[in-house]
Amino acid sequence: VCGDNHPEISSTYSSLGFMYLEIDDSQSALDCFKQALYRNISMYGEEHVQVANCYQIIASAYQNHEQFRQALEYQEKSHNILIKLFGENDQIVKNSLSTIDQYTKLSVQKEIFKKVEQRSKFERNNFVAQRPLGMNKKPKQGKVCLGVF
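Definitions and cut-offs
Residues numbered from 1 in each chain as written. Predicted model: local features only at pLDDT ≥ 70, side-chain atom pairs only at ≥ 80, totals over all residues. Heavy atoms only, no water. Salt bridge = Lys/Arg side-chain N within 4 Å of Asp/Glu carboxyl O. Helix = DSSP H or I, 4+ residues; strand = E, 2+ residues; numbered from the N terminus. Buried < 20%, exposed > 50% of the residue type's maximum accessible area, 1.4 Å probe, protein only. Expected span 1.5 Å × (residues − 1). Patch = residues over 30% accessible without salt bridge, like charges linked within 9 Å, V, L, I, M, F, W, Y side chains within 5 Å. Areas by Shrake-Rupley, 256 points an atom, 1.4 Å probe, with all protein chains shown as cover. Contact = heavy atoms within 4.5 Å.

Enquirer: So, the pattern of salt bridges: which residues are in play, and what are the values?
Expert: In this structure the tally under the stated criterion is 5 salt bridges. With a shortest N-O distance of 2.8 Å, Glu47 and Lys84 are connected by a salt bridge. Of this pair, Glu47 sits in the loop between helix 2 (26-44) and helix 3 (49-64) while Lys84 sits in helix 4 (residues 68-86), placing them 37 residues apart in sequence. On the basis of relative accessible area, Glu47 is assigned to the partly exposed category, the value being 46%. Given a relative accessible area of 57%, Lys84 falls into the exposed group. Between Asp101 and Lys105 there is a salt bridge, and its shortest N-O distance comes to 3.2 Å. Linking Asp101 with Lys105, this pair stays in helix 5 (residues 91-125), spanning 4 residues, or about one helical turn. The structure contains a network of salt bridges with shared partners spanning Arg69, Glu111 and Lys114.

Enquirer: Help me get a handle on unusual backbone geometry, residues and values and all.
Expert: A positive phi is found at Asp24, a non-glycine position, where the angle reads about 60 degrees. Its location among the elements puts Asp24 in the loop between helix 1 (7-22) and helix 2. Located in the positive-phi region is Glu66, a residue other than glycine, with phi close to 60 degrees. With respect to the helices and strands, Glu66 occurs in the loop between helix 3 and helix 4. Take Glu66: its relative accessible area is 49%, and that puts it in the partly exposed class.

Enquirer: Lay out helix 4 in plain terms, naming residues and giving numbers.
Expert: The end-to-end C-alpha distance of helix 4 is 26 Å, a good match for the 27 Å that 19 residues give at a rise of 1.5 Å each. Residues of helix 4 that are buried include every one of Phe68, Ala71, Leu72, Tyr74, Gln75, Ser78, His79, Ile81 and Leu82, and no others. Residue Gly87 follows helix 4 closely and has a positive phi angle near 85 degrees.

Enquirer: Now, about a nonpolar patch on the surface: what can you tell me, with residues and values included?
Expert: A contiguous nonpolar patch, built from Val49, Leu85, Phe86 and Ile92 and spanning about 310 Å² of accessible area, is present on the exposed surface. Among the secondary structure elements, Phe86 is positioned in helix 4.

Enquirer: Could you give me a rundown of the side chain of Ser78, with the residues and numbers involved?
Expert: You can see Ser78 is positioned in helix 4. For Ser78, a relative accessible area of 0% translates into the label buried. Apart from the residues lying within four places of it in its own chain, the contact partners of Ser78 are Ala52, Tyr55 and Gln56.

Here is the structure:
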């Protein structure tokens, strides 16, 4: 009735995405949010508040799934649009910058944790139990030497 490039279709995809998030189906949610994004881009162009909003929703979905680098990527796309639309001093833009800072910190923390975990796993796998010096030899069978000559 209203065609593929109608705002209601985009809104429906966003609503479906939120429903998928409610049932912990992150991948289906992301697919729906990206459909809404593509439709908004084709309706409004790259630099529209609806497009920025879609980027933020996708960023949030990635953040909820602890994929912080992807969250950061989409939040930065949104931020760039918001700066062009509202200017750097607008509160929406400042909030967006704060979110970028949060995603950056979470991404760095996850990378540090991953490296520590890898190092720990490596050390566990390569651990060789050390016995005190002289204790790793088997005792000789046979003669007993008392040290008296």
